[in-house]
Amino acid sequence: MRSKSFLRCSWLMSAAAVVALSLSARAQLSTVQQQEWLNSPAATSHIGNITGNAKAAAPVYRRYCVGCHGELGDGNGEVAQWLQPPMYPKPRDFQLGIFKCRSTPTGTLPTDQDLFDTIARGLDRSSMPIWNTFTKDERADLVAWIKHFSPRWQNEKAGTPIQIPPEPEITPERVKAGQEVFGRVQCWKCHGVQGMANGPSASTLTDDLGAPIWPYNFTDGSRPKCGNTDRDLYKIFMTGLDGTPMPSFVDNIKPDEAWDLVFYLRTLQPHNAFNAKERQIAKQLGLKPVSPQ
Amino acid sequence: MKKTQYSKFAAILSMLVLVGLGALCLNQTVSAAAEGSIAGTVKFSGTAPHMRGIDMSKDPYCVKQHENSPVNLENIVVGSDGGLQNVVLYISDGLTGNEATAVPSTQPTFDQKGCQYIPHVLAMDADQKFQVISSDQTTHNIHPLPNAMTGNIPWNKSQPPGAPPIVTSWKTPEMISVKCNIHPWMHGYFAVVKGPYATSDKSGAYTIHGVPPGSYTVTAWQEELGTQTAKVTVAAGKPGSADFTFKGK
């Protein structure tokens, strides 16, 4: 009897020890902890067969990134004060580990590949340029470096990327179905019935830090924040853009419907090579904007 | 040299902790039947602040839900007898045994109804499952904003009409602000605490159940008025009692 309860007790004790250890790893990282992390084999990134090394990125970061993102990665570089949202969004605070452009569910860390892609793509309508001037190795190194600013990378793994089924053939039925999804989940509340970023809630939106932010205007020829391929659009509304008002719809839009919605969203963008088919179908169908109920 | 000293120190420290825990375990009484409670009332003194009416005109659906009964903000809700509603009461010090770590199996519900959060403040235990539902025929997005440095991670999910419930939990005690970006007036809290808790009702009354005999510090948290604490003793068969009064400005 006694030994049984003692066994249970020791189990509890070891659990408590584990909890105590993990607690000590939380909160903001000290400089010493950051150095330890940088020296550890974990301070790497893996993109395909490229391995990025955090330490190698230090000079590149200090030369090209520090002005906005800051020495501490908190988004408080010396020029950050001149960036006024919503026209110029504030630089990302890497300490929080919250990123807009992810292939992973809302509330999880992005994959190395996600960060790698964001650096090269830049963020449209912001001060983050297209950094395709870096070599792939430099970008991979920067990804590893970015991760050393937040304790989250030490306590959590990146989320599991959402499953994206292969893109189906576009049909008029699919464009129509996509418009129904647009109406049903009420994208127009912010983006407007014609995608002009003038929905009833558009003017009151703020990001997680309380700064004003605009919804994406499909009609002004700009690129969506997290890329303009069909797969990018799919990811944007299924995973949400964390840190912004854009939520994840993955629980409420089925994968097949999601492709329909992608096709419909394409009809809202101005004529271009990438959406010629969608716009032609919309014209043939004589699609009218959804009605706000 | 320094490193070995550090690890020695850590080893001794963890030994001490484990020995202490072991002692606690052996002393533990098997029966948890002598569960007591802490009860009391939370009052507001002074003139209750004016709560602005909510303009829901951005969404006709929301307006329609309140055609005959306009609604006000719920930052400070004072009843007719001065009772202060939506105050979260929890034990901030003195819990030692199972009741500190046990997680209730009940699943509290946070409803989006009439473009308001019901309840405005939802208290829960860390790691306790809770659900977010929508009774509305309009799309909401549910966007909790914890401090990502505490171990709770912000997320943002949409709930269009007929959406399935979101069932989740929080890791760490924290008063988490939650909002809907589509309806900017919608603002509430997930009050995540450790151990037994209660929320004050319309009359300001509360009862924290499942508190074994002992001496405790009870903390009362109100989203705008801050926190107050009181020392409470619970004896076998005799519930503890603590009343709080928050002063208006």
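Residues numbered from 1 in each chain as written. Chains lettered and ligands numbered in written order. Predicted model: local features only at pLDDT ≥ 70, side-chain atom pairs only at ≥ 80, totals over all residues.

**Q** I'd like a rundown of the overall build of chain A, residues and numbers included.
**A** Within chain A, the secondary structure is distributed over 12 helices and two strands. Ordered by position in the sequence, the α and β elements of chain A form the string α-α-β-β-α-α-α-α-α-α-α-α-α-α. If you line up chain A on its principal axes, its C-alpha atoms span 75 × 60 × 40 Å. Within chain A, contacts between residues at least 6 apart in sequence are counted, and of these 63% link residues at least 24 apart. (Helix = DSSP H or I, 4+ residues; strand = E, 2+ residues; numbered from the N terminus. Contact = placed C-beta atoms within 7 Å.)

**Q** Mind laying out helix H11 (residues 255–268) of chain A, listing which residues take part and the relevant values?
**A** All names here are of chain A. Under the 1.5 Å per step criterion, the end-to-end length of H11 is 21 Å for 14 residues, consistent within 8% with the ideal 20 Å. With 11 of 14 residues buried, H11 is to be regarded as a mostly interior element. Looking at H11, one finds that the buried residues are Ala-258, Trp-259, Asp-260, Leu-261, Val-262, Phe-263, Tyr-264, Leu-265, Arg-266, Thr-267 and Leu-268. Looking at the buried residues of H11, the elements they touch are helix H8 (172–184), helix H10 (230–239) and helix H12 (276–285). (Expected span 1.5 Å × (residues − 1). Buried ≥ 20, exposed ≤ 12 C-beta atoms within 10 Å, placed from the backbone.)

**Q** Could you give me a rundown of the packing of helix H3 (residues 54–64) of chain A against helix H6 (residues 136–146) of chain A, with the residues and numbers involved?
**A** For any two helices packed against each other, the geometry comes down to the angle between their axes and how far apart the axes lie. Residue and element names in this part refer to chain A. Closest axis-to-axis distance for the H3/H6 pair is 7 Å, and the angle between their directions is 100°. Taken as axis vectors, H3 and H6 run roughly perpendicular relative to one another. Side by side, H3 and H6 meet where Ala-54, Ala-56, Ala-57, Ala-58, Val-60 and Tyr-61 of the first sit next to Glu-138, Asp-141, Leu-142, Ala-144 and Trp-145 of the second. Among the residues forming the contact of H3 with H6, the class breakdown is nine nonpolar, no polar and two charged. (Axes fitted to C-alpha atoms, helices over the stretch in contact; angles between N-to-C directions. Parallel < 35°, antiparallel > 145°, perpendicular 65-115°, else oblique. Nonpolar A, V, L, I, M, F, W, Y, C, P; charged D, E, K, R; others polar.)

**Q** Just give me the short version of the domain arrangement of chain A, but keep the residues and values in it.
**A** Residues and elements named next belong to chain A. Domain annotation for chain A reports domain 1 (31–155) and domain 2 (172–285). On a C-alpha basis, the centroid separation for the pair domain 1 and domain 2 is 26 Å. Contacts between the two partners involve 17 residues from domain 1 and, on the opposite side, 19 residues from domain 2. Considering only residue class, the side of domain 1 that touches domain 2 consists of eight nonpolar, three polar and six charged. (Domains from an automatic or database assignment.)

**Q** Break down the sheet that holds strand E2 (residues 88–93) of chain B for me, citing the residues and quoting the values.
**A** All names here are of chain B. Spatially, four strands are ordered E12-E2-E14-E15 in an open sheet, and the strand pairing comes out antiparallel. Strands with a single pairing partner mark the edges of an open sheet, and in this sheet they are strand E12 (197–199) and strand E15 (226–234). Averaged over all adjacent pairs, the angle separating strand axes in this sheet is 30°, with direction ignored. As paired elements, strand E14 (residues 214–222) and E15 share nine bridges and run antiparallel to each other. In the sheet register, Thr-217 faces E15, and the bridge partner there is Lys-231. (Pairing = 2+ DSSP bridges.)

**Q** Let's hear about the pairing of strand E5 (residues 121–125) of chain B: which residues, and what values?
**A** Residue and element names in this part refer to chain B. Within E5, five of the five residues are buried, which leaves it mostly tucked inside the rest of the structure. Going residue by residue along E5, you find Val-121, Ala-123 and Asp-125 tucked away on one face and Leu-122 and Met-124 tucked away on the opposite face as well. In this sheet, strand E11 (residues 187–193) lies alongside E5 in parallel orientation, the contact comprising five bridges. Opposite Leu-122, over in E11, you have Phe-190 as the bridge partner.

**Q** Could you give an account of the nonpolar core, naming the residues involved and the relevant values?
**A** Generally speaking, a soluble globular protein has its nonpolar side chains buried in company with each other. Counting 54 residues, the largest nonpolar core has Val88(B), Leu89(B), Phe190(B) and Ala191(B) as its most contacted members. Of all the elements, E11(B) adds the most residues to this core, at five residues. Among residues more than four places away in sequence, those in contact with Phe190(B) are Leu122(B), Met124(B), Pro144(B), Trp170(B), Ile176(B) and Val178(B). Formed by 35 residues, the second largest nonpolar core is a distinct cluster that contains Cys187(A), Trp188(A), Tyr234(A) and Ile253(A). (Core = buried A, V, L, I, M, F, W, Y, C linked by C-beta atoms within 7 Å.)

**Q** Residues and numbers for the packing of H8(A) against H11(A), please.
**A** Residues and elements named next belong to chain A. Direction vectors running N to C along H8 and H11 enclose 95°, while the axes themselves pass 7 Å from each other. As summarised for this structure, H8 and H11 are arranged roughly perpendicular, according to the angle between their axes. Contact with H8, carried on its side by Arg-174, Val-175, Ala-177, Gly-178, Gln-179, Val-181 and Phe-182, involves Glu-257, Trp-259, Asp-260, Leu-261, Phe-263, Tyr-264 and Thr-267 of H11 and no other residues of that element. Taken together, the residues of the contact of H8 with H11 break down into eight nonpolar, three polar and three charged.

**Q** Can you lay out the sheet that holds strand E9 (residues 166–168) of chain B for me, pointing to particular residues and giving the numbers?
**A** All names here are of chain B. Spatially, E4-E3-E6-E9 is the arrangement adopted by the four strands of the open sheet, whose pairing is mixed. Every other strand in the sheet has two partners, leaving strand E4 (116–118) and E9 as the edge strands with one partner each. Geometrically, the sheet is characterised by an average inter-axis angle of 20° between neighbouring strands, direction not taken into account. One ladder, built from three bridges, connects strand E3 (residues 109–113) with E4; its direction is antiparallel. Within E4, the position partnered with Gln-112 by the bridge is Tyr-117.

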